[in-house]
Amino acid sequence: METNIETKCLHAGWTPTNGQPRQVPIFQSTTFKYDSSDDMGALFDLEANGYFYSRLQNPTNDFVAAKLTEMEGGYAGMLTSSGQAANFYAVFNICECGDHFISSSSIYGGTFNLFGVTMKKMGIECTFVDQNLPYEELAKYIKPNTKCIFGETITNPTCNVLDFEKFSKLAHDHGIPLIVDNTFATPVNCNPLKLGADIVTHSTTKYIDGHGSAVGGAIIDSGNFDWLKYADKFPGLTTPDESYHGLTYAKKFGKAAYITKATSQLMRDFGSIQAPQQAYYIQLGLESLHVRMQRHCENAQKIAEFLEGNEKVAWVNYPGLKSSPSYELAQKYCPKGTCGVLCFAVKGDRAAANKFMDNLKLVTIATHVADSKTLILHPASHTHRQLTDEQLIEAGVAPDLMRFSVGLENADDIIADIQQALDLI
Ligand SMILES: *Cc1c(COP(=O)(O)O)cnc(C)c1O
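A brief report on the enclosed structure follows. Just so we're clear, the structure is a prediction, and the values are computed from it rather than from any experiment. (Residues numbered from 1 in each chain as written. Predicted model: local features only at pLDDT ≥ 70, side-chain atom pairs only at ≥ 80, totals over all residues. Heavy atoms only, no water.)

**Quick look at the sheet that holds strand 10 (residues 364-365)**
Then, number 1: Judged by pairing direction, the sheet is mixed, and its 5 strands sit side by side in the order 8-9-12-11-10 without closing on themselves. What marks the edges here is a single partner per strand, and that holds for strand 8 (313-317) and strand 10.
Then, number 2: As judged from the 3 bridges shared by strand 11 (residues 375-377) and strand 12 (residues 402-405), these two strands associate in the antiparallel manner. Directly across from Ile-376, in strand 12, lies its bridge partner Phe-404.
Then, number 3: Running at roughly 120 degrees to strand 9 (residues 341-346), helix 14 (residues 350-359) makes contact with strand 9, strand 10, strand 11 and strand 12 of the sheet. (Pairing = 2+ DSSP bridges. Helix = DSSP H or I, 4+ residues; strand = E, 2+ residues; numbered from the N terminus. Contact = heavy atoms within 4.5 Å. Axes fitted to C-alpha atoms, helices over the stretch in contact; angles between N-to-C directions.)

So this is what it looks like as structure tokens:
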């Protein structure tokens, strides 16, 4: 039965049969039992479906991944131990030493470092681009060894919305997939796979868990990208894998090739699996995600409007404000709302920003974002404190920018806290 996203939050992924638990069971087991040596052998040859060791796959994880996959409108999905692992696997699954890929420069700082520093050490080069450039300018960065394009639905921390039409055209005109990190919008407010993206990633640590309790990630593949059509570009999927007796993923698994390779090769070798207990927390979070996202967006809209009208505030960016450069894109791609994160600056220098934050009583200073409780972070003083003002601007983060993650409290209480903290500067 085709259902709406709210119903999928509750029912997708796990369908108990007669007498089975209503809630997703936690398979707290590293290993699985088989009757014969041949039964087990078939699993190792990828000839049969099944579980043998929880470093690669676990049923609890797969039920939760199946729910997320259905919510995103994807074909296959997997959970990873963190959002970082998800983004690494998503790119590394199709990029090898000597390859190149393109990423928007407006992305989460951890991903920026992963792509620009750590993956560079593996011989994979990333070019960071200004996502506001026109198509023709962006196309100039594509090289013969470019293997994918990466962006975020709503950028962390700058709160801008990706132009899906431009980026999916750019990727597909050049025979490469578009990978989109959908962490901030969540599958409730945006489905990148329905807007031209090929692969979606998540840090489930954020809204999906929603309660600041479990680090995790996910990758969901649309199954739509035709690897065999561009076989020369993607040898990892289109030529025999010697570590599985020479099977070829794209030929043997069709639409499931990408996730099968990431599971049976990358998860086998790197082991960044999510613990089944963590997957269970994510499952709990997903059940109420649609209700929480609606409230996060309502609260953020009220707070953005309050900030916009305050004389001590230098600027505010929230895609739900008409003044936001992303307003039109948000209306087009996230008509139900974007997320609860906004950014703004108080007038004055870094000291004024620090004073403002120290004055807050209800709002917590934290390195976390997209949580049930309202959180604030000043990248120039915290996550990006090693950077000079010039370097910050280069990374797309204004030195005065404060990232404000609006929680589920009563909006009037959050506003009252901001007001009293502003009054003191
Ligand atoms: C937090 C975050 C990540 C990294 O996720 P972790 O679960 O912390 O590893 C990746 N992308 C975005 C957009 C994030 O906000």
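**A look at the site of the ligand**
Then, number 1: By nearness alone, 15 residues border the ligand, and Gly-83, Asp-181, Ser-203, Thr-205 and Lys-206 come closest of all.
Then, number 2: The contact in question runs from an oxygen atom of the ligand to an N or O atom on the side chain of Asn-156, over 2.9 Å.
Then, number 3: The contact in question runs from an oxygen atom of the ligand to an N or O atom on the side chain of Lys-206, over 2.7 Å.
Then, number 4: A total of 380 Å² of accessible area belongs to the ligand in isolation, and the protein chains cover 92% of it. (Near = heavy atom within 4 Å. Polar contact = N/O pair within 3.5 Å; in protein donor to acceptor, adjacent residues only side chain to side chain. Areas by Shrake-Rupley, 256 points an atom, 1.4 Å probe, with all protein chains shown as cover.)

**So, helix 16 (residues 411-423)**
Then, number 1: If you check helix 16, its first and last C-alpha atoms are 18 Å apart, about what 13 residues at 1.5 Å a residue would give, namely 18 Å.
Then, number 2: Along its buried surface, helix 16 packs onto helix 12 (276-308), strand 8, strand 9, helix 14 and strand 12.
Then, number 3: The backbone nitrogen of Asp-412 lies 2.8 Å from a side-chain oxygen of the residue at the head of helix 16, namely Asn-410. (Expected span 1.5 Å × (residues − 1).)

**So, the packing of aromatic side chains**
Then, number 1: Enumeration according to the criterion identifies 21 aromatic pairs in this entry.
Then, number 2: Note on Phe-88 and Tyr-89: the rings are 6.1 Å apart at their centroids and 65 degrees apart in plane angle, and the pair reads as edge-to-face. An identical accessibility class is assigned to Phe-88 and Tyr-89; each is buried.
Then, number 3: An angle of 45 degrees between the planes, with centres 6.2 Å apart, marks the rings of Tyr-89 and Phe-270 as tilted. Separated by 181 residues along the polypeptide, Tyr-89 in helix 4 (residues 83-92) and Phe-270 in helix 11 (residues 257-270) bring together distant segments of the chain.
Then, number 4: Ring pairing ties together the aromatic residues Phe-225, Trp-227, Tyr-230, Phe-234 and Tyr-258, which thus form one cluster. (Phe/Tyr/Trp six-rings, centres within 6.5 Å; stacked < 30°, edge-to-face > 60°. Buried < 20%, exposed > 50% of the residue type's maximum accessible area, 1.4 Å probe, protein only.)

**Some details on the pattern of salt bridges**
Then, number 1: Within this structure, the stated rule accounts for 10 salt bridges.
Then, number 2: Linking Glu-137 and Lys-140 is a salt bridge whose minimum nitrogen-to-oxygen distance equals 3.1 Å.
Then, number 3: When its relative accessible area of 62% is taken as the criterion, Lys-140 is described as exposed.
Then, number 4: Close ionic contact of Asp-269 with Arg-268 constitutes a salt bridge, the shortest N to O distance being 2.7 Å. (Salt bridge = Lys/Arg side-chain N within 4 Å of Asp/Glu carboxyl O.)

**Topic: the nonpolar core**
Then, number 1: With 93 residues, the main nonpolar core has Phe-115, Ile-149, Ile-219, Trp-227 and Leu-289 as its most contacted residues.
Then, number 2: The biggest single contributor to this core is helix 11, with 6 residues.
Then, number 3: In terms of nonpolar packing, the next biggest core, distinct from the first, is built from 28 residues, Val-316, Leu-342, Ala-353 and Ile-376 among them. (Core = buried A, V, L, I, M, F, W, Y, C linked by side-chain atoms within 4.5 Å.)

**Remarks on the environment of Ser-29**
Then, number 1: As for its placement among the helices and strands, Ser-29 is situated in the loop between helix 1 (5-11) and helix 2 (37-44).
Then, number 2: Between the C-alpha atoms of Ser-29 and Ser-54, which are 25 residues apart in sequence, the distance is 7.2 Å.
Then, number 3: Apart from residues no more than four positions distant in its own chain, Ser-29 is found in contact with Ser-54 and Asn-58.
Then, number 4: Of the polar contacts made by the side chain of Ser-29, one reaches the backbone oxygen of Thr-31; its length is 2.7 Å.

**What about the packing of helix 3 (residues 59-72) against helix 12?**
Then, number 1: One can describe the packing of helix 3 onto helix 12 by two numbers: an axis separation of 8 Å at closest approach and a directional angle of 30 degrees. Here helix 3 is positioned roughly parallel relative to helix 12, judged by the angle of their axes. The interaxial crossing formed by helix 3 with helix 12 has left-handed handedness. Facing helix 3, whose interface residues are Thr-60, Asn-61, Val-64, Lys-67, Leu-68 and Met-71, helix 12 presents Pro-276, Ala-279, Tyr-280, Ile-282, Gln-283, Leu-286, Glu-287 and Leu-289.
Then, number 2: Grouping the constituent residues of the contact of helix 3 with helix 12 by class yields 9 nonpolar, 3 polar and 2 charged. (Parallel < 35°, antiparallel > 145°, perpendicular 65-115°, else oblique. Left-handed = near helix turned anticlockwise from the far one by under 90°. Nonpolar A, V, L, I, M, F, W, Y, C, P; charged D, E, K, R; others polar.)

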